[in-house]
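Residue-level structural notes
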Amino acid sequence: MNEQSTDLRETVRLRYAAAAVKVTEGGTACCGPQPVEIDDENFGSTLYAAEERDALPTEAVAASLGCGNPSAVAELREGERVLDLGSGGGIDVLLSARRVGPTGKAYGLDMTEEMLTLALANTAKAGATNVEFLKGTIEAIPLPANTIDVVISNCVINLSTDKPTVFAETFRVLRPGGRIGVSDVVADDTLSTTQRAERGDYVGCIAGALSFAEYDQGLAAAGFTNIEITPTHSVADGMHSAIIRADKPTTATTTPTG
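My aim in this report is to walk through the structure given alongside it, one point at a time. (Residues numbered from 1 in each chain as written. Predicted model: local features only at pLDDT ≥ 70, side-chain atom pairs only at ≥ 80, totals over all residues. Heavy atoms only, no water.)

1. Regarding the pairing of strand β7 (residues 225–236)
- As paired elements, β7 and strand β8 (residues 239–247) share eight bridges and run antiparallel to each other. In the sheet register, Thr225 faces β8, and the bridge partner there is Asp247.
- The hairpin formed by β7 and β8 contains two residues between the paired strands, and Gly238 there has a positive phi angle of roughly 80 degrees. (Pairing = 2+ DSSP bridges. Helix = DSSP H or I, 4+ residues; strand = E, 2+ residues; numbered from the N terminus.)

2. Observations regarding the side chain of Ser153
- Checked against the element boundaries, Ser153 lands in strand β4 (residues 148–154).
- From its side chain, Ser153 meets the backbone oxygen of Leu85 in a polar contact 3.0 Å long. (Polar contact = N/O pair within 3.5 Å; in protein donor to acceptor, adjacent residues only side chain to side chain.)

3. A look at the pattern of salt bridges
- A full pass over the atoms with the stated rule returns seven salt bridges.
- For Lys105, the salt bridge goes to Glu132, with nearest N and O atoms at 2.8 Å. Here Lys105 is found in strand β2 (residues 105–110), whereas its partner Glu132 is found in strand β3 (residues 131–135), with 27 residues between them in sequence.
- Given the relative accessible area of 30%, Glu132 is considered partly exposed. (Salt bridge = Lys/Arg side-chain N within 4 Å of Asp/Glu carboxyl O. Buried < 20%, exposed > 50% of the residue type's maximum accessible area, 1.4 Å probe, protein only.)

4. Let's talk about the nonpolar core
- Membership of the largest hydrophobic core comes to 32 residues, with the highest contact counts inside it found for Leu83, Ile180, Tyr215, Leu219, Phe224 and Ile244.
- Breaking this core down by element, the ones donating at least two residues are β1 (81–85), β2, β4, α7 (163–173), β5 (174–187), α9 (212–222), β7 and β8.
- With near-sequence residues (within four places) excluded, Phe224 lies in contact with Phe167, Thr170, Phe171, Leu174, Ile180, Leu219, Ala246, Asp247 and Lys248.
- Counting 14 residues, the second largest nonpolar core, distinct from the first, contains Val82, Val93, Leu116 and Ala119. (Core = buried A, V, L, I, M, F, W, Y, C linked by side-chain atoms within 4.5 Å. Contact = heavy atoms within 4.5 Å.)

5. Regarding the environment of Ser211
- By the element assignment, Ser211 lies in strand β6 (residues 210–211).
- Residue classification places Ser211 among the buried residues on the basis of a relative accessible area of 3%.
- Taking the C-alpha atoms as reference points, Ser211 and Gly238, 27 residues apart in sequence, are found 9.8 Å from one another.
- The contacts of Ser211, once residues within four sequence positions are left out, are Val186, Ala187, Asp188, Asp189 and Arg196.

6. Things to note about unusual backbone geometry
- One non-glycine residue, Cys155, adopts positive backbone phi at about 60 degrees.
- Note on placement: Cys155 falls in the loop between β4 and α7.
- Judged by relative accessible area, Cys155 falls into the buried class, the value being 1%.
- Phi is positive for Asn226, which is not a glycine, with a value near 50 degrees.
- The residue Asn226 is located in strand β7 in this model.

Geometric values such as these leave the question of function open.
Here is the structure:
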């Protein structure tokens with residue numbers, strides 16, 4: 001990883017660490033935790049149904065920083081093993097755990113110690129027993145190959161400076177026939193990298209956005225099929241929150257070497 005990529009990762013880590021600390025400290029105040037200050041019309045807990053928010057610890061809801069509801073778009077089923085890339089305070093992991101039930105399992109992967117601490121506390125408050133959080137990066141997923149049914153992520157892949165490796169690692173851990181259901185920010189194909197950067201920064205999920213064509217090509221290069229990228233709402237001029245779905249072929253067992 002080059003110096004610029006390392007600096008960007010550290011910037012992301014610090015921002016999310018600060019968000020976790022804010023939520024944790026708020027949980028000890030008289031009025032409870034307050035949502036992290038973001039564009040709450042396009043990002044955050046308001047993108048979840050009220051009944052979903054009400055069923056979770058307030059700290060998990062307050063720490064939501066995503067641009068969608070991937071546990072819903074992935075259409076999780078009883079007994080499945082699901083992995084959330086960049087799990088933060090745990091909202092999507094806890095919702096996934098409820099969807100897959102006691103015979104399934106939900107993993108959360110995050111590189112930020114403060115977010116992992118918050119997620120573990122939220123898991124205890126929720127009483128979830130089919131949950132496991134892992135420390136690591138989405139470019140080097142600490143799980144064996146061919147073991148996960150579904151990979152989800154909520155506006156996190158944007159933050160990676162090595163998206164081809166993220167796609168390859170996602171493909172690797174999925175079992176043959178597995179799938180992804182991701183919420184992410186995607187740019188119009190007409191926008192240059194510079195124009196995307198003008199609309200936000202890496203930490204805000206904007207500058208690192210792939211275009212629709214780039215996202216499609218990146219997933220295909222990793223081996224995915226049945227790729228669907230569906231915009232849901234605008235988050236900036238030419239930038240969209242989108243639902244990304246794709247499958248790992250049933251005949252595939254390893255990441256293509258291309």
